[in-house]
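This is what each chain is made of:
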Amino acid sequence: DAKTTQPPSMDCAEGRAANLPCNHSTISGNEYVYWYRQIHSQGPQYIIHGLKNNETNEMASLIITEDRKSSTLILPHATLRDTAVYYCIVRGFNTGTASKLTFGTGTRLQVTL
Amino acid sequence: NAGVTQTPKFRVLKTGQSMTLLCAQDMNHEYMYWYRQDPGMGLRLIHYSVGEGTTAKGEVPDGYNVSRLKKQNFLLGLESAAPSQTSVYFCASSHEQGRAEAFFGQGTRLTVV
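None of these values were measured; they are calculated from a predicted model. (Residues numbered from 1 in each chain as written. Chains lettered and ligands numbered in written order. Predicted model: local features only at pLDDT ≥ 70, side-chain atom pairs only at ≥ 80, totals over all residues. Heavy atoms only, no water.)

Draft legend 1. Expanded view of the environment of A:Pro21. All names here are of chain A. Tracing the chain through its elements places proline 21 in strand β2 (residues 18-23). The partly exposed category is assigned to proline 21, whose relative accessible area is 33%. For the pair formed by proline 21 and serine 41, sequence separation is 20 residues and the distance between their alpha carbons is 23 Å. In this structure proline 21 touches Thr5, Gln6, Pro7, Met10, Trp35, Ser71 and Thr72, once residues within four positions along its chain are discounted. (Helix = DSSP H or I, 4+ residues; strand = E, 2+ residues; numbered from the N terminus. Buried < 20%, exposed > 50% of the residue type's maximum accessible area, 1.4 Å probe, protein only. Contact = heavy atoms within 4.5 Å.)

Set out below in structure tokens:
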């Protein structure tokens, strides 16, 4: 699975959009980009994933560049409850094998009043 | 549905003692994973399973053993605990169709003294 690079920390004012970048320059054609977050010491929580098209769900939007070498997770209206560590993960799939989730150190997002 | 349940939630062991961590999922998922998370670090994969009766090594398997006798349960064993195994342990499960999200338990905080 491709390696990812994320800034160690970011701040965002409550109510504003939080844009979390991720570089994955060695991503290959069959690898998806996943985002998870970990609030305090809880288990990680799935947010969103995508292959090459932009994706949106009730939690966030995922923007993947055309060359797929980077992506941005967007929390449109950040709240204090969005304060967490956000992990960008590139995950490949091969028929018959487990698609392992490999975590880096993520981005610590601090949402402030 | 309970999702992914880990027991126990907290445990203190003396060096050399053994214990088993239990992970149970009620979502009929094929894949199950055990991770450890040390302070300030991301999750590291210990062992994983692609189905009942199968197990495989992850990134940091030494000092641990696992078993998947039933589809819904994934056990992580420490035969002779060491202080270096002090960590928070997370279990996760996902569908066989690997693009699906992984669900995590709330963690087991283990201290080895």
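Draft legend 2. Summary view of the sheet that holds strand β7 (residues 70-75) of chain A. Read across the open sheet, the four strands follow the order β2-β7-β6-β5 (chain A); overall the sheet is antiparallel. Among the strands making up the open sheet, the edge pair consists of β2 and β5 (55-56) of chain A. (Pairing = 2+ DSSP bridges.)

Draft legend 3. Region of the structure containing the packing of aromatic side chains. All names here are of chain A. This structure, assessed with the given rule, holds 12 aromatic pairs over all chains. Seen in terms of ring centroids, tyrosine 34 and tyrosine 36 are 6.4 Å apart; in terms of plane orientation they differ by 20°. Their pairing is stacked. Take tyrosine 34 and tyrosine 36: they sit in the same class, and that class is buried. Consider the rings of tyrosine 36 and tyrosine 46, whose centres lie 5.7 Å apart with planes at 75°: the pair is edge-to-face. (Phe/Tyr/Trp six-rings, centres within 6.5 Å; stacked < 30°, edge-to-face > 60°.)

Draft legend 4. Region of interest: unusual backbone geometry. In this structure, the amide linkage connecting B:Thr7 to the following residue, B:Pro8, adopts the cis form with an omega of -5°. Backbone geometry places A:His40, a non-glycine residue, at a positive phi of 50°. Inspection of the secondary structure puts A:His40 in the loop between β3 (31-38) and β4 (45-50). Positive phi values are uncommon outside glycine, yet B:Asn28 reaches one of about 60°. Among the structural elements, B:Asn28 can be located in the loop between β3 (19-25) and β4 (31-37).

Draft legend 5. Inspection of the state of the cysteines at higher detail. Counted by the stated rule, this structure contains two disulfides over all chains. Paired through a disulfide, A:Cys22 and A:Cys88 show a sulfur-sulfur distance of 2.1 Å. Because the sign of the S-S torsion sets the handedness, a value of about -80° for the bond joining A:Cys22 and A:Cys88 places this disulfide among the left-handed ones. On the criterion of sequence distance, the pair formed by A:Cys22 in strand β2 and A:Cys88 in strand β8 (residues 84-92) is long-range, its members being 66 residues apart. Two residues, B:Cys23 and B:Cys91, share a disulfide whose sulfurs are 1.9 Å apart. Around the S-S axis, the bridge from B:Cys23 to B:Cys91 shows a dihedral of about -75° and counts as left-handed. Of the two residues, B:Cys23 sits in strand β3 while B:Cys91 sits in strand β9 (residues 87-94), which places them 68 residues apart along the sequence. The exposure class assigned to B:Cys23 is buried, which follows from its relative accessible area of 0%. On the basis of relative accessible area, B:Cys91 is assigned to the buried category, the value being 0%. In this structure A:Cys12 is not part of a disulfide, and its nearest cysteine sulfur, from A:Cys22, lies 18 Å away. On the basis of relative accessibility, which here comes to 7%, the residue A:Cys12 falls in the buried class. (Disulfide = S-S within 2.5 Å.)

Draft legend 6. Looking closely at the nonpolar core. Of all hydrophobic cores here, the largest spans 21 residues; its most connected members are A:Trp35, A:Leu73, A:Tyr86 and A:Leu109. Among the elements of the structure, β2, β3, β4, β6 (61-64), β7, β8 and β9 (107-112) of chain A are those that each provide at least two residues to this core. It is β8(A) that provides the largest number of residues to this core, a total of four residues. Within the second largest apolar cluster, 20 residues are counted, among which are A:Tyr36, B:Val88, B:Ala102 and B:Phe104. (Core = buried A, V, L, I, M, F, W, Y, C linked by side-chain atoms within 4.5 Å.)

Draft legend 7. Fine view of the sheet that holds strand β1 (residues 9-13) of chain A. Residue and element names in this part refer to chain A. Taken in spatial order, the five strands make up an open sheet running β1-β9-β8-β3-β4, and their pairing is mixed. Here the strands that pair on one side only, and so sit at the sheet edges, are β1 and β4. Each adjacent strand pair in this sheet contributes to an overall mean axis angle of 25°, direction not counted. (Axes fitted to C-alpha atoms, helices over the stretch in contact; angles between N-to-C directions.)

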